[in-house]
Amino acid sequence: MPERHIVVVGGGISGLSAAYHLTKQAKRESISLRVTLVERENLWGGKIRTVREDGFVVEGGPDTFVTVKPWALELCRELGLWERLLPTNPHARRVFILWRGKLHLLPHGFLTFSPDLKGLFETDLLSWKGKLRVALGILLPKPNWDEDVSVSAFLGYYLGTEMTERVIAPLMAGVYGGDIRQLSARMTLPTLWQIAKLHRNLAWASLVRSLRRKLQRQSSNSQPSSYFMTLKSGLGELVETILASFSEVNLVQGREAFQLRRDSESGRLIVTLDDGSQLAADAVILATPAWSAANLLKPLDANLTDELFSIPHTHAITVSLSFDRSQVSHPLNGSGFLVAPEDQRESLLLACTWTSSKFPPRAPQGKVLLRAFVNKWVEMDDSELVNAIVEALRPLLGIKGEPERSWVFRWENAMPQYTVGHAKKVVRINERLKGLHKVFLAGNYLTGIGIPDCIRSGREAAEKAIRAILRGNSS
Ligand SMILES: Cc1cc2nc3c(=O)[nH]c(=O)nc-3n(C[C@H](O)[C@H](O)[C@H](O)COP(=O)(O)OP(=O)(O)OC[C@H]3O[C@@H](n4cnc5c(N)ncnc54)[C@H](O)[C@@H]3O)c2cc1C
């Protein structure tokens, strides 16, 4: 078989995973394959942005990944990063909710949607009426969940308004940066949605889910005990290690792919870069954000472009701050807090991670590292924004003086919103892709927004691309 060429556009974790799995599979199956990875920025990793500075490890984008989805852990194991994994500090797993100006402890199990009754009755986040509503609601018979509904309709039915607005809304905003009145229950809570459809009420469904999780943990000895993991030098270590494994990938950095078309004579795909150079490929994987893939696909399929453009995105800003420990009077005895929607109206805060408590090696001894998520896209310059965030945190954490250092990261159109009906949209996108022959999509806007799902989507796109070129070869 003559040498084949696959171009991957986008050097975030989805594209890196695609390129990694392409080369791995080609080597394993002795396929003669050249891989080119094109990235617009002068940095690899996309949203993964780790800054290391005088003993601080600051994450501008993601700071952890979940371990219940295996794909990030699997990749770490393959890359020899197992010993580099860093679990969350077991003494700082408590999470707080900022509600009506005060930090309230989120009861045990609420973070993973498996609350226990003791925690429910002890919490001061809900009134007695609200608690009773949850206790009775989880026994309500399941309605007909045939069509997708919003998270607020789905969980509101079982848990009532108080629990949904004070607990579920900030938890979901912490992951998706979105509004539970619009987010799809089917796509953002897939396991709960499936079991709620099967079982007679939510109490029974939750019991089945927690038993299933326990069994999974028992059957997998190598499964780490922490629900969240990161790497000792930050998630940038994952990006650096993948890149170091690329002995044969042709890396093109600082070049934007701006057109994708098919050559009518050869049938090959032509990727045009912003310097006018062209890459002829047997298959192309677009591992960019949805709106960028939409632009590239315009000459090939205008309907697919429309579908991709119709996926809404929200922006994200993170502000990391360091203080001397003596400047912060709060014990910081947890991993941070999320802000209830009611309190977001008067504040810029969406959430705040107590990074140096959650992952102690992230800051030098005697220093505190905090990371705030901003709840709107503000036009302030960095120093104004830092001041506003410090003033919002000051009364909550007992902060004296000014931060010693600060880091601001702005991510425009960064968080795809899986709104009600998203699953059907993904089906339509996949149908249209079939008609394109040898063009594949990977990324966070299809079936999972987190790092593990992005790694999986890159791997799946790589497998499909190799199958397609092998099929093309035999025909
Ligand atoms: C602030 C923040 C915090 C987050 N926290 C977490 C977390 O803790 N845990 C978690 O699991 N997930 C988290 N996420 C989500 C997760 O980080 C992202 O979903 C994931 O990193 C996206 O990876 P990706 O490769 O699909 O896309 P991206 O990282 O966006 O990469 C796409 C790449 O494509 C490049 N590109 C785009 N267009 C072109 C073009 N035309 N030509 C060439 N290159 C192009 C871009 O420059 C970019 O580098 C967070 C996201 C944000 C923004």
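Residues numbered from 1 in each chain as written. Predicted model: local features only at pLDDT ≥ 70, side-chain atom pairs only at ≥ 80, totals over all residues. Heavy atoms only, no water.

1. Overview of the overall build of the protein chain
And then number 1: When you go through the protein chain residue by residue, the secondary structure sums to 16 helices and 20 strands.
And then number 2: For the protein chain, the C-alpha radius of gyration of 23 Å lies close to 23 Å, the compact-globule estimate for 475 residues.
And then number 3: If one aligns the C-alpha atoms of the protein chain with their principal axes, the spans along those axes are about 70 × 55 × 45 Å.
And then number 4: In the protein chain, the share of contacts with a sequence separation of at least 24, taken over all contacts with a separation of at least 6, comes to 73%.
And then number 5: As presented, the protein chain carries roughly 21200 Å² of accessible surface, and 52% of it is formed by carbon and sulfur atoms.
And then number 6: Side-chain charges of the protein chain comprise 59 positive and 48 negative groups, with the mean position of each set lying 7 Å from the other. (Helix = DSSP H or I, 4+ residues; strand = E, 2+ residues; numbered from the N terminus. Rg over C-alpha atoms; globule rule 2.2 N^0.38 Å. Contact = heavy atoms within 4.5 Å. Areas by Shrake-Rupley, 256 points an atom, 1.4 Å probe, with all protein chains shown as cover. Lys, Arg positive; Asp, Glu negative; His and termini not counted. Charge placed at Lys NZ, Arg CZ, Asp CG, Glu CD.)

2. A few points about unusual backbone geometry
Excluding glycine, residues mostly have negative phi values, and the peptide bonds linking residues are mostly trans.
And then number 1: You will see that Asp54, though not glycine, has its phi angle at about 45°, which is positive.
And then number 2: With respect to the element layout, Asp54 can be found in the loop between strand 3 (50-53) and strand 4 (56-59).
And then number 3: Given a relative accessible area of 59%, Asp54 falls into the exposed group.
And then number 4: Residue Lys438 is not a glycine yet carries a positive backbone phi of 70°. (Buried < 20%, exposed > 50% of the residue type's maximum accessible area, 1.4 Å probe, protein only.)

3. So, the site of the ligand
And then number 1: Taken together, 33 residues lie near the ligand, and Ser14, Glu39, Lys47, Thr64 and Ile449 sit nearest.
And then number 2: A distance of 2.6 Å is found between an oxygen atom of the ligand and a side-chain nitrogen or oxygen belonging to Glu39.
And then number 3: Relative to its free-state accessible area of 1000 Å², the ligand is covered by the protein chains to the extent of 93%.
And then number 4: Those elements that provide at least two residues to the shell around the ligand are helix 1 (13-28), strand 2 (33-39), strand 19 (405-416) and helix 16 (451-474).
And then number 5: When grouped by side-chain class, the residues that make up the shell around the ligand number 13 nonpolar, 13 polar and 7 charged.
And then number 6: A domain-level breakdown of the shell around the ligand finds at least three residues from each of domain 1 (4-46 + 236-311 + 418-474) and domain 2 (64-68 + 79-91 + 314-416). (Near = heavy atom within 4 Å. Polar contact = N/O pair within 3.5 Å; in protein donor to acceptor, adjacent residues only side chain to side chain. Nonpolar A, V, L, I, M, F, W, Y, C, P; charged D, E, K, R; others polar. Domains from an automatic or database assignment.)

4. Quick look at the domain arrangement of the protein chain
Buried accessible area, meaning the area lost when the parts come together, often serves as the stated size of an interface.
And then number 1: Split into domains, the protein chain comes out as domain 1 (4-46 + 236-311 + 418-474), domain 2 (64-68 + 79-91 + 314-416) and domain 3 (112-219).
And then number 2: In this complex, domain 2 contributes 7 residues to the contact, which on the side of domain 3 involves 10 residues.
And then number 3: Buried area between domain 2 and domain 3, summed over both chains or domains, comes out near 700 Å², and the portion from carbon and sulfur atoms is 69%.
And then number 4: The tally of links from domain 2 across to domain 3 stands at 0 salt bridges.
And then number 5: Of the residues assigned to the side of domain 2 that touches domain 3, the class counts are 6 nonpolar, 1 polar and no charged. (Buried area = accessible area lost by both parts, 1.4 Å probe. Salt bridge = Lys/Arg side-chain N within 4 Å of Asp/Glu carboxyl O.)

5. Comments concerning the pattern of salt bridges
And then number 1: In the structure shown here, the tally under the stated rule is 31 salt bridges.
And then number 2: Residues Glu74 and Arg459 are paired through a salt bridge, measuring 3.5 Å at the closest nitrogen-oxygen approach. Highlighted residues: Glu74 in helix 2 (residues 71-78) and Arg459 in helix 16, separated in sequence by 385 residues.
And then number 3: On the basis of relative accessible area, Glu74 is assigned to the partly exposed category, the value being 32%.

6. Structural notes on the sheet that holds strand 2
And then number 1: Strand order in the open sheet made by the 5 strands is 10-2-1-14-20, with parallel pairing throughout. Strand pairing shows two members of the sheet lacking a second neighbour, strand 10 (250-253) and strand 20 (439-441), which therefore form its edges. Taken pair by pair, the neighbouring strands of this sheet meet at an average axis angle of 15°, ignoring direction.
And then number 2: Pairing of strand 14 (residues 283-286) with strand 20 involves 3 bridges; the strand directions are parallel. Bridged to Ile285 within strand 20 is Phe440. (Pairing = 2+ DSSP bridges. Axes fitted to C-alpha atoms, helices over the stretch in contact; angles between N-to-C directions.)

7. Things to note about the side chain of Arg394
And then number 1: Relative to the helices and strands, Arg394 is located in helix 14 (residues 382-397).
And then number 2: Judged by its relative accessible area of 19%, Arg394 is buried.
And then number 3: A distance of 3.0 Å separates the side chain of Arg394 from the backbone oxygen of Gly401, its partner in a polar contact.
And then number 4: Contact partners of Arg394, with chain neighbours within four places excluded, come to Ile399, Lys400, Gly401 and Glu402.

8. Side note on helix 15 (residues 422-434)
And then number 1: With 13 residues, helix 15 extends 19 Å between its outermost C-alpha atoms, agreeing within 8% with the 18 Å of an ideal straight helix rising 1.5 Å per residue.
And then number 2: Burial in helix 15 covers these residues: His422, Ala423, Lys425, Val426, Ile429 and Leu433. Looking down the long axis of helix 15, one finds its buried residues gathered within 155° of arc, a one-sided arrangement. Exposed and facing more than 90 degrees away from the buried side of helix 15 are Val427 and Lys434.
And then number 3: For helix 15, the secondary structure elements touched by its buried residues are helix 6 (185-188), helix 11 (302-309) and strand 20. (Expected span 1.5 Å × (residues − 1). Arc of directions from axis to C-beta.)

9. So, the sheet that holds strand 11 (residues 257-262)
And then number 1: With antiparallel pairing, 3 strands are arranged side by side in an open sheet as 11-12-13. Looking at which strands have only one partner, the edges of the open sheet turn out to be strand 11 and strand 13 (278-281). Across the sheet, the mean angle from the axis of one strand to that of its neighbour is 20°, orientation sign disregarded.
And then number 2: As judged from the 5 bridges shared by strand 11 and strand 12 (residues 269-273), these two strands associate in the antiparallel manner. Across the sheet, residue Arg261 finds its bridge partner in strand 12, namely Ile270.

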